[in-house]
Amino acid sequence: MTVPQEQCQSSAQDVPHLDIDPFSDDFLSMPYPYHAQMRDAGPIVWLDRYGLWASARHEEVKAALNDWDRFSSAAGVGLANFRTEKPFRPPSLILEVDPPQHTRSRAVLARILSPKMMQQVRAEFERQADILIDALVEKREIDGIKDLAARYPLRVFPDAVGLSDEGRENLLLYGDMVFNSFGPHNAIFARSVERYGPVSSWIMDKCRREQLRPDGFGDLIYQAADRGEITYEEAPLLVRSFLSAGVDTTVNGLGNSLYCMAAFPEQYAKLVATPALARPAFEEVLRFESPVQTFFRTTIKPVEFAGVQMKENDKVLLFLAGANRDERQWKSPDVFDIERKPTGHMAFGSGIHGCVGQAVARLEGEVILTALAKKVKRIESTGEPVRRLNNTLRAFGSLPMRFIPH
Ligand code: OVM
């Protein structure tokens, strides 16, 4: 795509033009040198390939995420502009909306995913983590993705939502599709569409009240509708948000945790020596290998931002994972150190759209890393990690490894 003349003039403002494709196999396989290139080029760059603004610096990513009034989510948080293109599914009522609609949806989901609720589900999340890690220690030679990172969230999260067991693997296909759909219609997206087929109707069926166990997270959304906080039409779409955002994200948070623990054995040794590091260790994984790498915003008015004049309807690509390795923000950002305090990382976003399920994600990370520390002395890589390329997620398809017990 060529840069419109008008755009060239408005961005003659010394905005660096880069010829990087952030959705190419090459970029997605090893994004970090490209993030560094963008950060070094400036606070905001123009990506010629797609005709959009981008930032990989912490200050600007955070500022844009906190400026929802100018950087809208309602036009979609992917490359597609919902003002001019048909969304691939009815827009999410929390992710792809602005206030005041966002405020109503958010209040309902935030109450369901509250710290108090986490206390209620913690014991069961711990119990399931212990059961699974015990079984994997027994098995010894495992695939970190298939046997653990995918298996654990598919057990505990749909249980908490109140879904039956039938067809849960569909949640992985759905997540893959949703997160690919935030990128361009490239080959990665096309492959995910091929496998997608009947999943969409399966998902929407599972969002019906009759399919949800009483008092699970899903049913609690319908109870909010009973109280008039949202409408009965909105309820299934909000349940869909649980199923869209709650599985593939944590699968990759756990997968990336296992990858880091196998790749940096001295860091895993620190965790084994002090299992109470489980929570900060998971946080460092989120900074170092952020499961959600990017989100877009759309300008809904002319905007001056970081010295750049943007027009209305411009797309802005925010590299959460780039912000998380910005040397302006972090000391030795390319070093994985579970004793660092990575507070302020952008892996959960920031501002009004900051991950509403982050307490669930943290709970899963904490209990799995705690169970590992207590039961597994060493994690050895036994083969090449295989990447699963996704337009948004930093993901593995396979992580061959060995668990050596204490
Ligand atoms: C949603 C949704 C989908 C994907 C991601 C997400 C990270 C939310 O459907 O609301 O948040």
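One structure accompanies this document, and this report is about it. (Residues numbered from 1 in each chain as written. Predicted model: local features only at pLDDT ≥ 70, side-chain atom pairs only at ≥ 80, totals over all residues. Heavy atoms only, no water.)

## A closer look at the overall build of the protein chain
- Within the protein chain, the secondary structure is distributed over 18 helices and 13 strands.
- Its C-alpha atoms give the protein chain a radius of gyration of 21 Å, near enough to 22 Å, the size a compact globule of 406 residues would have.
- Taken along its principal axes, the extent of the C-alpha atoms in the protein chain is 65 × 50 × 40 Å.
- Burial analysis of the protein chain (406 residues in total) assigns 58% to the buried set.
- When contacts within the protein chain are restricted to residue pairs at least 6 apart in sequence, long-range pairs at least 24 apart make up 73% of them.
- Accessible surface for the protein chain amounts to roughly 16,300 Å². Of this, 55% is attributable to carbon and sulfur atoms.
- Counting 49 positive and 54 negative side-chain charges, the protein chain places the averaged centre of each group 4 Å from the other. (Helix = DSSP H or I, 4+ residues; strand = E, 2+ residues; numbered from the N terminus. Rg over C-alpha atoms; globule rule 2.2 N^0.38 Å. Buried < 20%, exposed > 50% of the residue type's maximum accessible area, 1.4 Å probe, protein only. Contact = heavy atoms within 4.5 Å. Areas by Shrake-Rupley, 256 points an atom, 1.4 Å probe, with all protein chains shown as cover. Lys, Arg positive; Asp, Glu negative; His and termini not counted. Charge placed at Lys NZ, Arg CZ, Asp CG, Glu CD.)

## As for the nonpolar core
- Counting 110 residues, the largest nonpolar core has F217, L271, L372, I379 and F403 as the members making the most contacts within it.
- Every residue in contact with L372, bar those within four places of it in the chain, is listed here: I133, L258, Y268, I379 and F403.
- By size, the runner-up hydrophobic cluster in this structure holds 18 residues, among which are L47, A54, F319 and L389. (Core = buried A, V, L, I, M, F, W, Y, C linked by side-chain atoms within 4.5 Å.)

## Here we look at the packing of aromatic side chains
- What the rule picks out here adds up to 17 aromatic pairs.
- Where F23 meets F296, the ring centres are 6.1 Å apart and the plane angle is 15°; that geometry is what we call stacked. Residue F23 is located in the loop between β1 (17-18) and α2 (25-29), and its partner F296 is located in strand β6 (residues 294-299); the two are separated by 273 residues in the primary sequence. Just as F23 is buried, F296 falls in that class too.
- By the ring-pair criterion, three or more aromatic residues cluster together here, those being F23, Y50 and F296.
- Sitting over the ring of W330, R287 keeps its end group 5.6 Å from the ring centre.
- Lying across the ring of F288, R325 places its NZ or CZ 4.0 Å from the centre. (Phe/Tyr/Trp six-rings, centres within 6.5 Å; stacked < 30°, edge-to-face > 60°. Lys NZ or Arg CZ within 6 Å of the ring centre and 35° of its normal.)

## Let's talk about the state of the cysteines
- One pass over the structure, following the stated rule, counts zero disulfides.
- No disulfide involves C355; its sulfur sits 18 Å from that of C207, the nearest cysteine.
- A relative accessible area of 27% places C355 in the partly exposed class. (Disulfide = S-S within 2.5 Å.)

## Comments concerning helix α11 (residues 199-206)
- For α11, the complete set of buried residues consists of V199, W202, I203 and K206. Take α11 and look down its axis: the buried residues cluster within an arc of 100°, on one side only. (Arc of directions from axis to C-beta.)

## Considering the site of the ligand
- The ligand sits among R89, S92, I94, L95, V178, F179, S241, S244, A245 and F295.
- Take S92: an N or O atom from its side chain is 2.7 Å from an oxygen atom of the ligand.
- Protein burial of the ligand: of its 300 Å² of free accessible surface, 88% is covered by the chains.
- Put simply, the parts of the chain that give the shell around the ligand at least two residues each are α9 (170-180) and α13 (234-245). (Near = heavy atom within 4 Å. Polar contact = N/O pair within 3.5 Å; in protein donor to acceptor, adjacent residues only side chain to side chain.)

## Considering the packing of helix α15 (residues 265-273) against helix α18 (residues 358-375)
- At their nearest, the axes of α15 and α18 sit 8 Å apart, and the two run at 85° to each other. With respect to each other, α15 and α18 are oriented roughly perpendicular. Packed against α15, whose contacting residues are Y268, L271 and V272, the element α18 presents L369, L372 and A373 at the interface.
- Among the residues making up the contact of α15 with α18, the classes are represented as six nonpolar, no polar and no charged. (Axes fitted to C-alpha atoms, helices over the stretch in contact; angles between N-to-C directions. Parallel < 35°, antiparallel > 145°, perpendicular 65-115°, else oblique. Nonpolar A, V, L, I, M, F, W, Y, C, P; charged D, E, K, R; others polar.)

## Quick word on the pattern of salt bridges
- For the structure shown, the criterion picks out 41 salt bridges.
- The salt bridge involving R195 is made with D176; its shortest N-O contact spans 3.1 Å. Residue R195 is located in the loop between α10 (187-194) and α11, and its partner D176 is located in helix α9; the two are separated by 19 residues in the primary sequence.
- Two residues, E284 and R340, come together in a salt bridge whose shortest N-O distance is 3.1 Å. Here E284, found in helix α16 (residues 278-288), pairs with R340, found in the loop between α17 (320-323) and α18; they are 56 residues apart in sequence, far enough to count as distant. By the burial criterion, E284 is buried, and R340 matches it.
- Ionic contacts of the salt-bridge type, sharing partners, join the residues R39, D40, D326, E327 and R328 into one network. (Salt bridge = Lys/Arg side-chain N within 4 Å of Asp/Glu carboxyl O.)

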